[in-house]
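Residue-level listing of the chains:
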Amino acid sequence: MQKAKVQRIVFPKDRRIIVVSDIHGHLQNLQKLLEKVHFSTEDILVIDGDLIEKGEQSLKTLRFVMQLAKTHSVYEVLGNNDWLWDELEREDAQSNQQLLEYMRGRNSILNEMCAELGIRLEDPDDFLEVKHQLKANFAPEWDYLRSLPDILESEHYLFVHAGLESEKLEQQEKARCVKNDWFFQREICFSRWCVVGHFPVSLYDDRLNDCSVRIDPRRKLISIDGGCVMQQSGQLNALIIPQDGAEKFAWEYVDSLPKALALDAGASSDATEAHCLHWPHNQVQVLERGQDCSYCQQPQLGYRMWIPNALLSEWEGTVYTNNCTDYWLKICPGDLVSVVAKTSRGALIKKNGLLGWYAGRLQDK
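The rules behind these values
Residues numbered from 1 in each chain as written. Predicted model: local features only at pLDDT ≥ 70, side-chain atom pairs only at ≥ 80, totals over all residues. Heavy atoms only, no water. Helix = DSSP H or I, 4+ residues; strand = E, 2+ residues; numbered from the N terminus. Rg over C-alpha atoms; globule rule 2.2 N^0.38 Å. Buried < 20%, exposed > 50% of the residue type's maximum accessible area, 1.4 Å probe, protein only. Contact = heavy atoms within 4.5 Å. Areas by Shrake-Rupley, 256 points an atom, 1.4 Å probe, with all protein chains shown as cover. Pairing = 2+ DSSP bridges. Axes fitted to C-alpha atoms, helices over the stretch in contact; angles between N-to-C directions. Expected span 1.5 Å × (residues − 1). Arc of directions from axis to C-beta.

A. Expanded view of the overall build of the protein chain. Within the protein chain, the secondary structure is distributed over 8 helices and 23 strands. Radius of gyration (C-alpha) of the protein chain: 21 Å, near the 21 Å computed for a compact globule of 365 residues. Seen through its principal axes, the protein chain has C-alpha atoms that stretch 55 × 55 × 40 Å. Burial statistics for the protein chain: of 365 residues in total, 52% are counted as buried. Sequence-distant contacts in the protein chain: of pairs separated by 6 or more residues, those separated by 24 or more amount to 68%. If you sum the accessible surface of the protein chain, you get close to 16500 Å²; carbon and sulfur atoms cover 47% of it.

B. Examining the sheet that holds strand β11 (residues 250–254) more closely. The strand order β4-β3-β2-β10-β11 describes an open sheet built from 5 strands, whose pairing is mixed. Edge positions in the sheet fall to β4 (73–76) and β11, since each of these pairs with one other strand and no more. For this sheet, the mean inter-axis angle between neighbouring strands, taken without regard to orientation, is 20°. In this sheet, β4 lies alongside strand β3 (residues 44–47) in parallel orientation, the contact comprising 4 bridges. In the sheet register, isoleucine 47 faces β4, and the bridge partner there is glutamate 76. Those strands touched by helix α1 (residues 27–36) are β2 (17–20), β3, β10 (236–241) and β11, and its axis lies near 140° from that of β11.

C. Spotlight on the sheet that holds strand β8 (residues 214–216). With mixed pairing, 6 strands are arranged side by side in an open sheet as β1-β5-β6-β7-β9-β8. This sheet does not close on itself; its edge strands, each paired only once, are β1 (6–8) and β8. Within the sheet, the average angular offset between the axes of one strand and its neighbour, ignoring direction, is 15°. Pairing between β8 and strand β9 (residues 221–223): 3 bridges, direction antiparallel. Within β9, the residue paired with arginine 214 across the bridge is serine 223.

D. Helix α4 (residues 93–104), seen in detail. The first and last C-alpha atoms of α4 sit 17 Å apart over 12 residues, in line with the 16 Å expected at 1.5 Å per residue. Within α4, the full set of buried residues consists of Ser95, Asn96, Leu99, Leu100 and Met103. Projected down its long axis, α4 carries its buried residues within an arc of 135°, all on one side. For α4, exposure combined with an orientation more than 90 degrees from the buried face picks out Ala93, Gln94 and Arg104.

Laid out in C-alpha cells, this is it:
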C-alpha cells in the first residue's frame, strides 16, 4: 500500500482562503471564477485536486496554475485525474495499449502534449518512444504534478481530493485519498473541517439536481465538486473561507452555459415529489419521441419525465441522459439564470446551482 503524502501548512492570519476543485482543464471557468471572487495576492488559493483531464485545455490550465503559483499563494493536492506520470513509467505492451485506448476515448493532457509536439498516434508499438518524448519535453509539468501532496493539513482544515478514512493522516492510503466515491454519504466525522471534491455534489440527491457546495457542520465535512465539464448543467464552485479558523463559509460559482433574464414569475413544484436522473441511473427508455423533447422512463427507478433531446445520447443501443429533472423552479422577474435547453415544453434552466424547468419568457444576455 502506497501511503499518502501529507503537507503541513500554516495559513497567515486575516487572509481569505479560496478553495476550488475538479477544474478538469476548463481554463475559462477557472479564470472567470478567480475574477468573480476578486482573487488577489492577498488571498490563498487551494486547488483540491483534478486540475486536468476531460476538459479541452488541460495543458494550458496546468501551465496557468504553475505560473500563478510563482506570484500568488497557491497550494494544490493530487486528484485521481492528475495522477498520470505513473502511466508514462510503464513500458510493457499491455499498458501501452491501455493508455492509447484511454487517449482515444477522451480529452487528455497527453493528447494535447502530442499535438504540441506534432505527434500522431497510430501504432501502439510506437508508443514507447512517444512516452519518452512526453517525459523529456514536458519535464516541468510532470515534475509539478509529481510534487503534489495527497493531503494538505493546517490547524483548522484538511484538504484532500476524495476522502479520508480517519485523521491519522500518515496511515492514509494514497489511492483512497484520490478516489473515494460517495464519500459525503458516509457517516464519518472530523475534529477539523475536511474539504473534498472528486464526486459531483448533485449525485447525492435523487430528487433535486443541485450543484451547490454542501456543508455539514455536525461532521465538519464540506463537498465542493460542482460537476464542471462532467455534467452539462455542471459548474465550477469556490468555497470561500474568510480567514484561517473561520467556520462561517461563503461560496460562488461560474458555468459556461448561456445566460438569460427571466421576464415572468414561475412557481416551484413540490420538492418532495420531484425526481432527477443522473449517473448511475441515467439510462432511459424513450416512450414518446418529440421534436425537441421526449417522454422517457428510467427502467430501474420507474421515474418518467420529459427530457430535452439535447440531453439524450445513444451508445451501443442504449439511450442515456445527462442530468435532468422534473422539478419546476421558483423564478422572479429579473432573475439571472443559466440556460441548459430551450424546448416547446419550457426551458430547462439553473438558478443558484439548482436545476429545474421554467415556462416563462427568457431574454438572452
